[in-house]
Amino acid sequence: MEITSNTFKKNAREALADPALQRAMSHVRSGFIDKRARAAAALPEFDEIRDTGRDIKNHTLAHLDLYLEAYEDRVRSAGGEVHYAETAESALETVLGICRKANAKTVTKGKSMIAEEIGLNEYLEEHGIEPVETDLGEYIIQLRHEGPSHIIAPAVHLNKDQVEESFRAAHTDLPADRDLSEPTSLLNEARGILRERFLAADVGITGANFLVAETGTSVIVTNEGNGDLTQILPRVHIVVASIEKIVPTLNDVSQIMRLLARSATGQDLSVYTTFSTGPRRPDDPDGPDEYHVVILDNGRSEMLGSEFKEALRCIRCGACMNHCPVYQAVGGHAYGWVYPGPIGAVLDPQLIGIEKAGNLPNASTFCGRCEEVCPMRIPLPKMMRHWREKEFERHLSPATARYGIGLWAFFARRPRLYQWATRWAMRVLANGAIGKGRYTSLPLAGGWTKYRDFPSPEGDGRTFQEQWAARRKSA
Amino acid sequence: MADEKARRPKVGLFVTCLVDLFRPTVGFAAVKLIEAAGCDVEVPAAQTCCGQPAFNSGDDGDTRAIARGVIKAFESYDYVVAPSGSCGGMLKLHYAGLFNDDPAWKARAEAFGAKVHELVSFLTDVRGMKDVAARFPGSVTYHDSCAGLRELGIRDQPRQLLGSVEGLKLVELKDANVCCGFGGTFCVKYPDISNAIVERKTEEIVASGAETLLAGDMGCLMNMAGKLQRENRSVSVRHVAEVLADMTDVPPIGETRES
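Residues numbered from 1 in each chain as written. Chains lettered and ligands numbered in written order. Predicted model: local features only at pLDDT ≥ 70, side-chain atom pairs only at ≥ 80, totals over all residues.

By the naming in an unreviewed UniProt entry, chain B is L-lactate dehydrogenase complex protein LldE, taken from Bauldia litoralis.

Per an unreviewed UniProt entry, chain A carries the name L-lactate dehydrogenase complex protein LldF and comes from Bauldia litoralis.

Enquirer: Kindly report on the overall build of chain A, identifying the contributing residues and their values.
Expert: Helix and strand counts for chain A stand at 24 helices and 12 strands. Viewed in the frame of its principal axes, chain A has a C-alpha envelope of about 95 × 60 × 45 Å. Every one of the 475 residues in chain A was classed for burial, and the buried ones make up 49%. Taking as baseline every contact in chain A between residues at least 6 positions apart, the subset at least 24 positions apart corresponds to 75%. (Helix = DSSP H or I, 4+ residues; strand = E, 2+ residues; numbered from the N terminus. Buried ≥ 20, exposed ≤ 12 C-beta atoms within 10 Å, placed from the backbone. Contact = placed C-beta atoms within 7 Å.)

Enquirer: Tell me what's going on with the sheet that holds strand β9 (residues 272-276) of chain A, and back it up with residues and numbers.
Expert: The strand order β8-β5-β6-β9 (chain A) describes an open sheet built from four strands, whose pairing is mixed. Both outer strands of the open sheet, β8 (246-247) and β9 of chain A, are each paired with one neighbouring strand and no more. (Pairing = 2+ DSSP bridges.)

Enquirer: I'd like a rundown of the environment of F210 of chain A, residues and numbers included.
Expert: Residues and elements named next belong to chain A. Mapping F210 onto the fold places it in strand β5 (residues 210-212). Judged by local crowding, F210 falls into the buried class, with 23 C-beta atoms found within 10 Å. It is 9.4 Å that separates the C-alpha atoms of F210 and V221, two residues lying 11 residues apart in sequence.

Enquirer: Requested: an account of the interface of chain B and chain A, with residues and values cited.
Expert: Contact with chain B, which involves 60 residues of that partner, is made by 52 residues of chain A. At the level of secondary structure, the elements contributing two or more residues to the side of chain B that touches chain A comprise α2 (17-22), α3 (24-36), α4 (52-55), α5 (60-74), α9 (146-152), α11 (186-189), α12 (191-208) and α13 (218-230) of chain B. Of all the elements, α13 of chain B adds the most residues to the side of chain B that touches chain A, at seven residues.

Enquirer: An account of the domain arrangement of chain B is needed here, citing residue identities and associated values.
Expert: All names here are of chain B. You can read the domains of chain B as domain 1 (2-124) and domain 2 (131-244). One C-alpha centre belongs to domain 1, the other to domain 2, and the line joining them spans 23 Å. The partner domain 2 presents 22 residues to the 27 residues of domain 1 that form the contact. Every element with two or more residues in the side of domain 1 that touches domain 2 is listed here: α2, α3, α4, α6 (85-94) and α8 (119-126). Per-class residue counts for the side of domain 1 that touches domain 2 are 13 nonpolar, 12 polar and two charged. (Domains from an automatic or database assignment. Nonpolar A, V, L, I, M, F, W, Y, C, P; charged D, E, K, R; others polar.)

Enquirer: Any chance you could break down helix α16 (residues 341-352) of chain A for me, citing the residues and the numbers?
Expert: Residue and element names in this part refer to chain A. Here α16 contains 12 residues, and its C-alpha end-to-end distance of 15 Å stays within 8% of the 16 Å for a straight helix at 1.5 Å per residue. For α16, the tally of buried residues reaches 10 of 12 residues, placing the bulk of the element in the interior. Close packing links the buried residues of α16 with α14 (319-322), α15 (325-330), α17 (354-357), α18 (359-362), α19 (369-373) and α20 (380-393). In the segment just after α16, G353 is the residue with positive phi, at about 105 degrees. (Expected span 1.5 Å × (residues − 1).)

Enquirer: Residue-level account of the packing of α5 of chain B against helix α7 (residues 103-115) of chain B, with values.
Expert: Residues and elements named next belong to chain B. It is at 10 Å that the axes of α5 and α7 come closest, and there the two elements cross at 60 degrees. The orientation of α5 with respect to α7, classified from their angle, is oblique. As α5 packs across α7, the resulting crossing turns out to be left-handed. Note on element contacts: α7 touches α5 through R108, A109 and F112, opposite A67, I71 and F74. Looking at the contact of α5 with α7 residue by residue, the class counts come to five nonpolar, no polar and one charged. (Axes fitted to C-alpha atoms, helices over the stretch in contact; angles between N-to-C directions. Parallel < 35°, antiparallel > 145°, perpendicular 65-115°, else oblique. Left-handed = near helix turned anticlockwise from the far one by under 90°.)

Enquirer: Before we move on, can you summarise the nonpolar core with the specific residues and values?
Expert: Counting 209 residues, the largest nonpolar core has V240 of chain A together with V81 of chain B as the members making the most contacts within it. In this view, V81 of chain B contacts V11, L13, F14, A30, I34, H117, L119 and F122 of chain B; residues no more than four positions away in its chain are not counted. (Core = buried A, V, L, I, M, F, W, Y, C linked by C-beta atoms within 7 Å.)

Enquirer: Give a description of the confidence of the model for chain B that names residues and reports values.
Expert: Summing up the model confidence of chain B, the mean pLDDT is 96 and the portion of residues at 70 or higher is 97%. The ipTM value of the predicted complex is 0.96, and its pTM value is 0.96. (pLDDT = per-residue confidence, 0-100.)

Enquirer: Can you lay out unusual backbone geometry for me, pointing to particular residues and giving the numbers?
Expert: With a phi angle near 50 degrees, N298 of chain A is a residue other than glycine that sits in the positive phi range. Mapped onto the secondary structure, N298 of chain A falls in the loop between β10 (290-296) and α13 (300-304). Of note, the phi angle at D175 of chain B is positive, near 55 degrees, even though the residue is not glycine. Structurally, D175 of chain B can be placed in the loop between β6 (166-170) and α11.

Enquirer: Please provide a residue-by-residue account of the UniProt feature "domain: Cysteine-rich" (unreviewed entry) in chain B, values included.
Expert: Sequence positions flagged by UniProt for "domain: Cysteine-rich" (unreviewed entry) are, in local numbering, residues 11-92 and 140-224 of chain B. Measuring from the first to the last C-alpha atom of residues 11-92 of chain B gives 15 Å, for a span that is 56% helix and 12% strand. (UniProt positions renumbered as here; feature names shortened; annotations may be inferred.)

Enquirer: Tell me about the sheet that holds strand β7 (residues 212-215) of chain B, and name the residues and values.
Expert: Residues and elements named next belong to chain B. Spatially, the four strands line up as an open sheet ordered β6-β5-β7-β8, and their pairing is parallel. Edge positions in the open sheet fall to β6 and β8 (236-239), since each of these has one partner strand only. With strand direction ignored, the average angle separating the axes of adjacent strands in the sheet is 35 degrees. Note that β7 and β8 share four bridges and pair parallel. The partner of L214 across the bridge, within β8, is R238.

Rendered as structure tokens:
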């Protein structure tokens, strides 16, 4: 996926001026937020389970090497293979190698953010293998050659009529006069087309919501059942997942599952929860002949020892972006890479570099709603601030901003000088707005006055400190 | 013992830079309310700003210097009170973390933080204030500023005290807990996004039908007032302390007596 995070401001402006996108984004506000709130309120122990989930992940991350080793052992004893990939490139080569060995022409794919992170579709296409997305949202954006704009609802930036347009453009062998006015007709059409692809696929690739160390099991949750067909029908099943998906036991899975769907879509549970352990056994009714797990690091083990460690607790529910005023305003594509929203603002600088993703942790009001709803209690604003510190230390923040803050801090550190200077400044500011009470434009404050008036200081501009001192003197 | 009980607690008022420069009435309202809650108030001259502009820009060095100054100026008081959830949260929750490599200062910052309160929650939660002697006829709505709400748990306190203001009718604002788009330097670094967020906020404010908008943070108030005025809305904007202290003779934020 091409990275455009460095032009975030421009992306955002374009997104704000895009009426179709704005119409689609209004559904995020009305849909996800209310449903999550109802689901959380209906479970009295929800906040306690959040503590449990956080503790499970913290424990796992503290002993990740041991649990990865245990997981690998169990997968092997179940007849599967584990491949470690330190980088995206190495993960891609591993997947390609398995596909080539299986003489694969087409692969079906369940929804996987790791596959998006490593750019798996483009890579397979470049190497003559056709990937077919089977999650409806992913299928739609694949037809449109777009990246996901949300980590659980990849096509949330689109309206129904845009989907209809894409289906008509892609499914040219279907009658042109067919009725696609209802969402169900779109769904049925995709289902019919994907059914063929499921049956024809040589390899099925899924992600994983959990990798269970105790049993060597990979777990996926979906609402469409596409993941099951992806992994059961082809001869080879490849799981691509990152190191932090490990949890110790099935009991831990069941705890975190109580948070996942509630935080994501407001469901108690997703419609399908699928556990896979190794390839088909002799008396299994179905399943793949080969079962591979590609475990990706891609900079995560570096996070383990850093101030960003807690971000590795993320279970990819999307609640942080659903509740983020910035995400709601500009949508996911403006962020310019795979992970948008608050979690993206923390992960992307690690994964693609702060030089490219520097805008993302800055584009936050620090309103704290992301942290408030995060089921894993990740302190997202604090982590965004840590990125700002790194930018400041490395002189990556814009020179004008650094100069402005430096100048302001020079005064703020010297109360006497500050009070002397602000007395004069406020008088000037108050004088300039006599009879009006506010400014409609103001030098050096164009960012403010472009869209809002700027209130002038109260009265004649005498500061509180000045008035207080005068009162003390006369008292 | 009797003397100890009778002693009025000493409160250091952290004025906040925006109140100091743009809305002195809020400072005087805070003094009046804190005194009404049975405390003596002092305003140390050695204060400027809580340091958030530097802190949120990643400039920890300057933030630490400012924090040391604030702590020195205020640590001798029984309480430190600020008419802002944002600045209050900064003093209370974020100073200590700046001194992770300096145990002596970290301990001072923690002891200091324990004394810090936002104004309205100080009145209700610490001083047990249940009502105020104030009159403000008309309908008002209240915006929950983010830091006060989520860092300090301020939600019911201002509503409780507003409920005792004579003539005041409180109408709830839809999505009152959603950010107004101010975000400190955010609003000038990302003006287009900030504008999109505050537009949604003013839409709800107007839809509430209230004549006056109140909140507890000057930054948010200046942002929302500025947007309402740019949109030619007739809603007036004030800091909640002005109403609670019955000090509403001064024109609303961004207005003059004539406007």
